[in-house]
Amino acid sequence: MKKNSNLRSLAAQAIEQVVEKGQSLSNVLPPLQQKVSEKDKALLQELCFGVLRTLSQLEWLIGKLMARPMTGKQRTVHFLIMVGLYQLLYTRIPPHAALAETVEGAVAIKRPQLKGLINGVLRQFQRQQEELLAEFAQHENRYLHPKWLLKRLQQAWPEQWQDIVSANNLRPPMWLRVNRSHHSRDEWLSLLEDAGLQGFAHPDYPDAVRLASPAPVHALPGFEEGWVTVQDASAQGCMRYLQPETASAFSISVRRRAARRRIFWKSRRRQI
């Protein structure tokens, strides 16, 4: 079946479900990903998570760019504009492509009469981007954290809270654990390079690999066969520092969980 849904409109609908109706993105996103091609699934996820991560900044920008917010049945358009702003700010998508696809999203959500409004707001942002970002850099929303959390961080770590917030806003690396019963870590890294991806070995943990850039798990060599699993480096360090006496039993437990994850992903791919 051909999948040609407008990706930006799907992202806007997902974000609306989370922000307005309190839904979990983990529940909302998978059905929407089934409506786009395999290569676009990662982009849809990036747009959804990215907008939610920078929501306070995007809300502030829209407040500066529009005289009044979109409400009622037009509310999805509000989030579609957010998707457009996020692309211009945080992705490498060419601006003309980001604008064109976002504007076309109005047709997908049956609001074609608002294409001009969306285009105008996004182009106005492009013209005023430097000035607006300079102003936002002085605003309390610049930390991209809720006020209640900032207050607790300030109370608990009065000297370090800003460093903590900055670290929280960094994109986390994607760590993997190579299953040495299939390949050595160096052998799997060669397979990864053959697949057009780049990874780096951890200096202390013998099975850990960090991807140069996060990638969909289906793009990882042998993921479904259990050659590699997603696991943070700090979690992999547990075996080294805890040195459990029942290491063999622990290892068996880890392998069983990995097998269950593989079964889950295979069933999901069949559904898609």
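Residues numbered from 1 in each chain as written. Predicted model: local features only at pLDDT ≥ 70, side-chain atom pairs only at ≥ 80, totals over all residues. Heavy atoms only, no water.

A.B. asks: For this particular structure, what's the right way to read the nonpolar core?
C.D. replies: Here is a general trend for soluble globular proteins: nonpolar side chains tend to be buried in one another's company. Grouped together as the largest cluster of nonpolar side chains are 45 residues, with contacts concentrated most on Leu 44, Ile 81, Leu 85 and Ile 118. Aside from chain neighbours lying at most four places away, what touches Ile 81 is Ile 62, Met 66, Ile 118, Val 121 and Leu 122. Counting residues in each nonpolar core, the second largest holds 13 residues, with Leu 189, Leu 192, Val 209 and Val 217 among its members. (Core = buried A, V, L, I, M, F, W, Y, C linked by side-chain atoms within 4.5 Å. Buried < 20%, exposed > 50% of the residue type's maximum accessible area, 1.4 Å probe, protein only. Contact = heavy atoms within 4.5 Å.)

A.B. asks: Would you explain helix H4 (residues 55-65) in this entry?
C.D. replies: Two residues of an α-helix separated by three or four positions point the same way, owing to the 3.6 residues in each turn. Of all the residues in H4, the buried ones are Gln 57, Leu 58, Trp 60, Leu 61, Ile 62 and Leu 65. In this structure, the buried residues of H4 make contact with helix H3 (41-53), helix H5 (75-90) and helix H7 (115-136). (Helix = DSSP H or I, 4+ residues; strand = E, 2+ residues; numbered from the N terminus.)

A.B. asks: Just to check I follow, could you spell out the sheet that holds strand S2 (residues 199-201) for this structure?
C.D. replies: Remark on secondary structure: sheet strands pair via backbone hydrogen bonds, oriented parallel or antiparallel. The strand order across the open sheet built from 4 strands is S2-S3-S1-S4, with neighbouring strands paired in antiparallel fashion. The open sheet has two edge strands, S2 and strand S4 (228-230), and neither has a second partner. Geometrically, the sheet is characterised by an average inter-axis angle of 35° between neighbouring strands, direction not taken into account. Pairing analysis gives 3 bridges linking strand S1 (residues 175-178) to S4, with the strands arranged antiparallel. Along S4, the bridge assignment pairs Val 178 with Val 228. (Pairing = 2+ DSSP bridges. Axes fitted to C-alpha atoms, helices over the stretch in contact; angles between N-to-C directions.)

A.B. asks: Help me understand the side chain of Asp 207 in this model?
C.D. replies: Its place among the elements puts Asp 207 in the loop between S2 and strand S3 (208-211). Residue class for Asp 207 comes out buried when judged on its relative accessible area of 7%. Apart from the residues lying within four places of it in its own chain, the contact partners of Asp 207 are Leu 176, Arg 177, Val 178, Arg 180, Arg 185 and Gln 236.

A.B. asks: Please clarify how the packing of H5 against H7 should be interpreted in this entry.
C.D. replies: Two numbers describe a pair of packed helices, the interaxial angle and the distance between the axes. H7 packs onto H5 with a crossing angle of 45° between their chain directions and a minimal axis gap of 10 Å. In terms of their interaxial angle, H5 and H7 are classed as oblique. Relative to H7, the crossing made by H5 is right-handed. Residues Val 77, Leu 80, Ile 81, Gly 84, Leu 85, Leu 88 and Leu 89 of H5 pack against Ile 118, Val 121, Leu 122, Phe 125, Gln 126, Gln 129 and Leu 133 of H7. Partitioning the contact of H5 with H7 into residue classes produces 11 nonpolar, 3 polar and no charged. (Parallel < 35°, antiparallel > 145°, perpendicular 65-115°, else oblique. Left-handed = near helix turned anticlockwise from the far one by under 90°. Nonpolar A, V, L, I, M, F, W, Y, C, P; charged D, E, K, R; others polar.)

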